[in-house]
Amino acid sequence: PQAMVYSFDLLRSFPWSARNKALMRKAYDARSNAIDGDSTATLPRYHAEHPHVRCDVALIDGAKDARIRLADITNFQRMSSPSALLLLDEICTRDCANGERSCGKGCWGGTSDAYTMASRQGMINVTDCAWPRRLHGKDGVCTANYLESYRAEPPPGAPDHAGRHHVATSRLRQPGGLRLSLAQE
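J.: Looking at this model, I keep getting lost on the pattern of salt bridges. Mind explaining?
T.: Once the charged atoms of two side chains with opposite charge are near each other, the side chains can pair. Under the counting rule described, the total for this entry stands at six salt bridges. For Asp 61, the salt bridge goes to Arg 69, with nearest N and O atoms at 3.8 Å. This pair shows no difference in class: Asp 61 is buried, exactly as Arg 69 is. Glu 90 is the salt-bridge partner of Lys 64, the closest N and O atoms lying 2.6 Å from each other. Here Glu 90 lies in strand S4 (residues 80–91) and Lys 64 lies in the loop between strand S3 (54–60) and helix H3 (66–78), a separation of 26 residues in the sequence. On the basis of relative accessible area, Lys 64 is assigned to the partly exposed category, the value being 21%.

This is the structure we're talking about:
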């Protein structure tokens, strides 16, 4: 097990954040790093300071505001490997998340709007979705990938994707919000 965990979270803002930090530390020990603050600022700053980190998996969850959710999708794209798997939480329907139709006001508000915008901008493609029993059409998780045509170039000097794995998690502004990224250094 070489995975590293990086948690981007508002650690001092919510009572569950400290518990989650402790659980991550227990599960990953020295391989767990908690980064306090708003992910719209801490993710780009972390990426600028560690341009070699490339995510293999990113779980996008947390803020319900479209601007924040879209910023997280964009910022994780910049630090993701070309074949990164995205896990998108709070999905009502696949065609809504894929930008094929409007999600409507009753579908997690900003989260659905952010997925729709990212899809319509050609940034992501939603590939598969699943819902817990009794929540179909209300609160699902979809897999997606970043589209190559939208991909930003890696920073100069960024190594290839061989090496040690990293995991980054984040929760922002809402209970149960978690962004999980596996990255390679």
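J.: Would you mind going over the packing of H3 against helix H5 (residues 110–120) with me for this structure?
T.: Closest axis-to-axis distance for the H3/H5 pair is 7 Å, and the angle between their directions is 45°. As the angle between them shows, H3 and H5 are arranged oblique. You can see that H3 and H5 cross each other, and the crossing is right-handed. Contact residues: H3 offers Ala 66, Arg 69, Leu 70 and Ile 73, while H5 offers Gly 110, Thr 111, Asp 113, Ala 114, Tyr 115, Met 117 and Ala 118. Broken down by class, the residue content of the contact of H3 with H5 amounts to seven nonpolar, two polar and two charged.

J.: Would you mind going over the packing of aromatic side chains with me for this structure?
T.: Here the distance between the centres and the angle between the planes together describe a pair of aromatic rings. Throughout the structure, instances matching the rule amount to one aromatic pair. Aromatic pair Phe 14 and Trp 16: ring centres 4.7 Å apart, planes at 15°, arrangement stacked.

J.: Where do I start with the nonpolar core in this structure?
T.: Across soluble globular proteins, nonpolar side chains have a tendency to be buried as a group. Counting residues in each nonpolar core, the largest one holds 27 residues, and the members touching the most others are Ile 73, Phe 76, Leu 88 and Ile 124. Secondary-structure elements contributing two or more residues to this core are strand S1 (5–9), helix H2 (39–49), S3, H3, S4, H5, strand S5 (124–130) and strand S6 (140–146). What Ile 73 contacts, discounting residues up to four positions off in sequence, is Ile 60, Ala 114, Tyr 115, Ala 118, Met 123, Ile 124 and Tyr 146.

J.: Explain the pairing of strand S2 (residues 32–36) to me, please; I cannot follow it from the model alone.
T.: As paired elements, S1 and S2 share five bridges and run parallel to each other. By the bridge assignment for S2, Phe 8 is matched with Ile 35.

J.: I tried to follow the state of the cysteines on my own but got confused; where do I start?
T.: One way to say it: the disulfide is the covalent bond shared by the sulfur atoms of two cysteines. Under the definition given, this model contains two disulfides. Between the sulfur atoms of Cys 92 and its disulfide partner Cys 107 the distance amounts to 2.1 Å. Its S-S torsion of approximately 125° makes the covalent link between Cys 92 and Cys 107 right-handed. With Cys 92 in the loop between S4 and helix H4 (94–97) and Cys 107 in the loop between H4 and H5, this residue pair connects regions lying 15 residues apart in the sequence. Cys 107 shares its class with Cys 92; the two are buried. Disulfide pairing is shown between Cys 129 and Cys 142; the S-S distance is 1.9 Å. Handedness here is read from the sign of the S-S torsion; for Cys 129 and Cys 142, about 105°, the answer is right-handed. Highlighted residues: Cys 129 in strand S5 and Cys 142 in strand S6, separated in sequence by 13 residues. We note that Cys 129, like Cys 142, is buried.

J.: So what exactly am I meant to see when it comes to unusual backbone geometry here?
T.: Negative phi is the rule for most residues except glycine; trans is the rule for most peptide bonds. Of note, the phi angle at Asp 29 is positive, near 50°, even though the residue is not glycine. Considering the arrangement of structural elements, one finds Asp 29 in the loop between helix H1 (15–28) and S2. The backbone of Arg 134 sits at a positive phi, close to 70°, despite the residue not being glycine. Residue placement: Arg 134 occurs in the loop between S5 and S6.

About the thresholds
Residues numbered from 1 in each chain as written. Predicted model: local features only at pLDDT ≥ 70, side-chain atom pairs only at ≥ 80, totals over all residues. Heavy atoms only, no water. Salt bridge = Lys/Arg side-chain N within 4 Å of Asp/Glu carboxyl O. Buried < 20%, exposed > 50% of the residue type's maximum accessible area, 1.4 Å probe, protein only. Helix = DSSP H or I, 4+ residues; strand = E, 2+ residues; numbered from the N terminus. Axes fitted to C-alpha atoms, helices over the stretch in contact; angles between N-to-C directions. Parallel < 35°, antiparallel > 145°, perpendicular 65-115°, else oblique. Left-handed = near helix turned anticlockwise from the far one by under 90°. Contact = heavy atoms within 4.5 Å. Nonpolar A, V, L, I, M, F, W, Y, C, P; charged D, E, K, R; others polar. Phe/Tyr/Trp six-rings, centres within 6.5 Å; stacked < 30°, edge-to-face > 60°. Core = buried A, V, L, I, M, F, W, Y, C linked by side-chain atoms within 4.5 Å. Pairing = 2+ DSSP bridges. Disulfide = S-S within 2.5 Å.

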